[in-house]
Amino acid sequence: MTQLYHELEPAQEVERELIEKVSIVVSKGSLDGIYPALIMANGARMEGIEADLFFTFFGLDALRKDRQAKIKVATVGNPGLHMPTLVGAIPGMSWVATKMMARQMESLDIPPIGEFLELIHDSGGGIYACHATVEMFGLTEDDFVPQVDGILTVGEFYDRSAGAQIIFT
Amino acid sequence: MAMTEVAGADVEVDAEGFLVYPEDWNRVLAEEIARENGIPELTPRHWQVVEFMRERYLETGTAPSIRSLGKESGVPIKELYQLFPKGPAKLAAKIGGIPKPRGCI
């Protein structure tokens with residue numbers, strides 16, 4: 001039976017449940033794919049919320065010694081930049097866009113990726129690499145920066161994430 | 001805005017318990033706010049962070065980011081989180097009697 005809106009019981013005053021833990025999955029290897037996750041993880045720690053980062057597929061580049069400093073803004077297939085595809089495809093374009101963004105971020109006190117991972121790690125945030133991706137790319141622990149806490153299978157990731165909000169980026 | 005009695009004095013605080021007027025602040029008040037927020041005693045290392053936050057805010061009008069707190073306060077990030085487990089920037093601002101930091105970093 002339908003009820004008229006005004007006949008509904010007034011909403012109960014419920015106590016707001018605060019977020020205590022977040023697990024953030026980083027699957028993209030572009031600058032704009034990685035930063036939001038780092039900002040959210042650090043922001044969680046700043047609020048006293050537990051935070052884990054789980055890097056998978058090309059997101060793993062953020063943890064790779066040989067690639068971390070080479071991460072760039074995607075200038076092709078990124079409509080948010082409002083740049084024609086053919087212009088975005090000109091060699092060096094993504095380097096230029098990355099430099100510009102890096103300067104802007106530095107002025108806002110947002111650290112480069114390496115320093116940001118260090119900040120999150122020192123804040124007590126967990127930094128993990130995805131086991132399947134590590135195997136797929138033929139990597140070993142030596143390929144990663146020292147802030148990496150371990151290589152996890154999906155099962156181990158879910159186990160660690162018990163009680164957490166899982167965020168996929 | 002609400003008035004609350006802290007350390008025997010009436011001070012105005014916002015909904016989250018941050019002082020509305022930084023000039024209401026004193027060290028006894030700081031100890032009291034710390035106790036209410038789960039820090040039983042302010043050690044010299046706590047004070048170093050709290051004073052750095054407060055001075056920086058009074059000089060520049062904004063509280064420092066966690067990044068500059070770690071770099072410039074003389075207390076590294078790891079220790080900041082040991083001293084203030086529920087968020088160093090937020091708690092040190094509260095104890096230092098300045099508004100809640102608004103930045104995302």
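What you are looking at is a predicted structure, and each value in this text was computed from that prediction instead of being measured. (Residues numbered from 1 in each chain as written. Chains lettered and ligands numbered in written order. Predicted model: local features only at pLDDT ≥ 70, side-chain atom pairs only at ≥ 80, totals over all residues. Heavy atoms only, no water.)

**Let's talk about the interface of chain A and chain B**
Then step 1. Counting residues at the interface gives 17 residues for chain A and 16 residues for chain B.
Then step 2. Summing both sides of the interface, chain A and chain B together bury roughly 1400 Å²; the carbon and sulfur share of this comes to 53%.
Then step 3. Sorting the residues of chain A by area buried against chain B places Met46(A), Asp109(A) and Asp122(A) first, and these three jointly supply 40% of that buried surface.
Then step 4. Summed over the shared surface of chain A and chain B, the number is five salt bridges.
Then step 5. Here Lys90(B) and Glu47(A) are joined by a salt bridge, their closest N and O atoms 3.2 Å apart.
Then step 6. Between the two partners, chain A and chain B, sit eight residue pairs in polar contact (both at pLDDT 80 or more).
Then step 7. Every element with two or more residues in the side of chain A that touches chain B is listed here: helix H1 (31-46) and helix H4 (113-122) of chain A.
Then step 8. Residue composition of the side of chain A that touches chain B, grouped by class: seven nonpolar, four polar and six charged. (Contact = heavy atoms within 4.5 Å. Buried area = accessible area lost by both parts, 1.4 Å probe. Salt bridge = Lys/Arg side-chain N within 4 Å of Asp/Glu carboxyl O. Polar contact = N/O pair within 3.5 Å; in protein donor to acceptor, adjacent residues only side chain to side chain. Helix = DSSP H or I, 4+ residues; strand = E, 2+ residues; numbered from the N terminus. Nonpolar A, V, L, I, M, F, W, Y, C, P; charged D, E, K, R; others polar.)

**Some points on the pairing of strand S3 (residues 126-130) of chain A**
Within a regular beta strand, the side chains point alternately toward one face of the sheet and then the other, so they alternate between its two faces.
Residue and element names in this part refer to chain A.
Then step 1. Counted residue by residue, S3 has five buried out of five residues, so it is predominantly covered.
Then step 2. Burial of the side chains of S3 extends over both faces: Gly126, Tyr128 and Cys130 are buried on one face and Ile127 and Ala129 on the other.
Then step 3. Bridge count between strand S2 (residues 50-55) and S3: four bridges; the pairing is parallel. Paired with Asp52 across the two strands is Gly126, which belongs to S3. (Buried < 20%, exposed > 50% of the residue type's maximum accessible area, 1.4 Å probe, protein only. Pairing = 2+ DSSP bridges.)

Limitation: the analysis is restricted to geometry and does not speak to function.
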